[in-house]
Amino acid sequence: SDDDETAMSNKGVDEQYHLSTRHTSDYYHEDSVNVGGTLRLSGIDLSRPLFIEVSQHLQTAGATSLLRTSPVQIDLQKLQTGMNRKGLQSLPKLILDLGDKCDCLVDVSLDRTSKMPLCTIYSPYWLINKTGMKLEYSVVGSNDGVKSYLDSGAGGLPVLMHCSKSDETNAILDQGSQQLSVIPLESPRKEVAENWWDECTNGKLVLKKNVIVDGKSNLVDWCTRVNLEAAGTSGEVHCNSYVLHANIESLAGAFHRSNLIKLTPRFIVKNSLHISISILPLAGSPCDARKMATYLRENLNQSEEKSLINLSPGESTVIYNFNNFHHAADSSYRWVAFRVNARRFGATFKCKWNMVPLDVMQSNLFGEHDGVNDTLCGIIEGKVHSTKEGSTLTTISHADTPPFRIENRSQTHYLQISQDDEEADIFELPPMHSCGYTWDSPLGKRRLRVAVVPGRKSASEMNFVGKTLDSDAKSTASTVDSDDDSVEGEVPDDPLLRSLREGISTGGKNSKSPSSRQWVRSRMSRKYNLQTIGRQKDLYCPKIDADWLGSAQQNKSGECLKVHTRVSTGTKVISFSDSDWLADQVEAGLLRRGGHFKSSLIDINMEGAGIFFNDNFPRELMGIFVRDIQICKPMGSIETTTRVRHFQIDAMLPNARYPIIIQPLPLGVDRRMHEIPNSSSNMTTIPRSIKTRECYWKLYDEKPVPLFEMKCSYVPQNKMVWVPSLEVQLSPMKLQM
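Residues numbered from 1 in each chain as written. Predicted model: local features only at pLDDT ≥ 70, side-chain atom pairs only at ≥ 80, totals over all residues. Heavy atoms only, no water.

Caption draft 1: Focus on helix α8 (residues 581-588). Residues L582, A583 and Q585 constitute the buried set of α8. Around the axis of α8, the buried residues are gathered within 160° of arc, so they sit on the same side. (Buried < 20%, exposed > 50% of the residue type's maximum accessible area, 1.4 Å probe, protein only. Helix = DSSP H or I, 4+ residues; strand = E, 2+ residues; numbered from the N terminus. Arc of directions from axis to C-beta.)

Here it is as structure tokens:
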């Protein structure tokens, strides 16, 4: 009909058909309705029942036969519409079984505005399996007792259910239990999980082959019932040892009658380091976790080595179950133990295991030590946070900002530093050095032990001693034959580098012996609480009459280091200085206000300078020009900036082949804001000898890109000039000869 052609041409409008005819009172129509679409039918006799047959629309090529349901009878004569003023506003919901785990309902009610009958076919509960495993669902309360659904998780389509006691088509909905139980049927498979895994965001997926049967005991079982009507909630689904995550939310728009239940992995671990790691999921109390970290470092057996999950940089894995600690009384806490598989040195070195708690959404920091000098070579962050799907994602990455920083501002003394815990490592900090720090054992005592190492010399004091040792070594090498030409036998020329690499004192004894590490554990050390801000107890500098590695009597020389703790850019900094200058500056507020140097203002602008070379005639042979020179330092800053925007060398002879020898190329306009507002550099004038059109930046009241730029920072302190950064930028130049 014309109406059919008009409706088919209007694709953006709901389709509408007129079913009544003049010759017969019966009518028949067949059509398909898209997802979320509406089909409008007019000309229906509201005094007679309407029969509907429904089938899934198969989009497979060559599909000709459709499996339709039994006719669903809709009693339109019972509705309060047409001439019936005493009818119902809605009819009882009917069951519609479309097969292939697609249970739907038919709801017929009157529209509030138009009073027209509205028939909605929907499913109240959608279940999506994103766990990577084959699952079985059980709904309690049907006529047969329990109705089960199998979900492979590989198709990507949801399982639709209505939780009715009767599942026959055209039967009235008899609402049963709206609770669901889940049980895994197969172990996780990578082929199934990759159907929903986003490799661009989560990285490459690595799955360890897990079993659901351990010997004669089953690791999985039916979980506790999940209420399908609890929209807006999420939580864990415990299938015995396996843990999943369920998220229930209400859909919107045309699907507002349905709830979506998504089953996803509960725990995901991602490696964001530049080196591979090994992880091991564990369960136990915090006390057991500390013991387990020590056990894994000392006594990792072969069976536990096989159960490790190795993750390369950028890879992720899913954790389904956890291994209980040995003799663990409380298994309510979940942990991920990981180690960094870096290349280590030393026969006695053992990799450190770090424990990340998964039940608390927070960032956990761990220190990594090398195998040579036990120095703190990096801080690793284990961040536990939630994803949009509701899973708990643990990201192992490098920490951007260390929680603590230790500064050794002494010019002569070495420091031995360690956490006040038996599991902590001991490392040394040379004079005039600083390092980021975090607790070696986050579950241990959070106190810092520091001691001064007597007998160690700074780099300046070791110059003379180093030369003496080098001459002695050369004389000894000339009299002793040796066939060892390995790299380990090479000795660096720098005495400080030699001391750090070999870990020896000037006396030549091995500092890795227990006696070399005794000072941080002796009575000469002090404990410091990093939570305290301000002045702390002084650190004594012991004096040794004889060799400090021997058994000579030690005493306090009266010399001590001043200790002060402050907060700088979110990091707590503890400083060990020779004097009280730093503490006085902090307490007086000079560092915060800028001090004497920070309070100064430097704004120097030079129009330019020129140097000319003449012969005996005299005639000008060559000229060197430097223009637009700026030296500025804003008030409240310790950074001084020097810029040169133009440099040129000209040949002054009239018959020169190339009048311009060196000239910078125009790179563009410098649109950065000036460091000093209302500076005199903004009022730069151009000499009359220079054409204005050559200064293209002047046409728009702008500056060209600097030819040379240098930034220097000066930190005032007794006998020390500290330049933390030096930036030099050179522009490409044009050279003609």
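After presenting the structure, the write-up continues.
Caption draft 2: Region of the structure containing the side chain of E381. Of note, E381 is situated in strand β28 (residues 376-386). Here E381 occupies a buried position and makes no salt bridge, while the nearest side chain of opposite charge, K383, is found at 5.6 Å. In this structure the side chain of E381 is engaged in a polar contact, spanning 2.9 Å, whose partner is the side chain of S363. Leave out the neighbours within four places in its chain, and E381 touches S363, N364, L365, T395, I396, S397, H398 and A399. (Lys, Arg positive; Asp, Glu negative; His and termini not counted. Salt bridge = Lys/Arg side-chain N within 4 Å of Asp/Glu carboxyl O. Polar contact = N/O pair within 3.5 Å; in protein donor to acceptor, adjacent residues only side chain to side chain. Contact = heavy atoms within 4.5 Å.)

Caption draft 3: Structural view of the pairing of strand β18 (residues 242-250). The element β18 is extensively covered by neighbouring structure, given that seven of its nine residues are classed as buried. Pairing between strand β17 (residues 233-239) and β18: seven bridges, direction antiparallel. In the sheet register, T233 faces β18, and the bridge partner there is I248. Between β17 and β18, which pair antiparallel in sequence order, lie two residues; one of them, N240, sits at a positive phi of approximately 65°. (Pairing = 2+ DSSP bridges.)

Caption draft 4: Focus on the pairing of strand β7 (residues 117-122). Examined bridge by bridge, strand β6 (residues 103-110) and β7 share six bridges and lie antiparallel to one another. Within β7, the residue paired with L105 across the bridge is Y122. With antiparallel pairing between neighbouring strands as the criterion, β6 and β7 make up a hairpin whose turn holds six residues, including K115 at a positive phi of roughly 60°.

Caption draft 5: Up close: the pattern of salt bridges. Using the criterion set out here, one finds 23 salt bridges in the structure. A salt bridge links D421 to R290, with the nearest nitrogen and oxygen atoms 2.2 Å apart. Of this pair, D421 sits in the loop between β31 (414-419) and β32 (427-429) while R290 sits in helix α4 (residues 286-298), placing them 131 residues apart in sequence. Note that R334 and D359 form a salt bridge whose closest N and O atoms lie 3.0 Å from each other. Note that R334 is positioned in strand β25 (residues 334-340) and D359 in the loop between β26 (354-357) and β27 (363-369), a separation of 25 residues in sequence. On the basis of relative accessibility, which here comes to 9%, the residue R334 falls in the buried class. Each of K130, E249, K262 and E389 takes part in one network of salt bridges that share partners.

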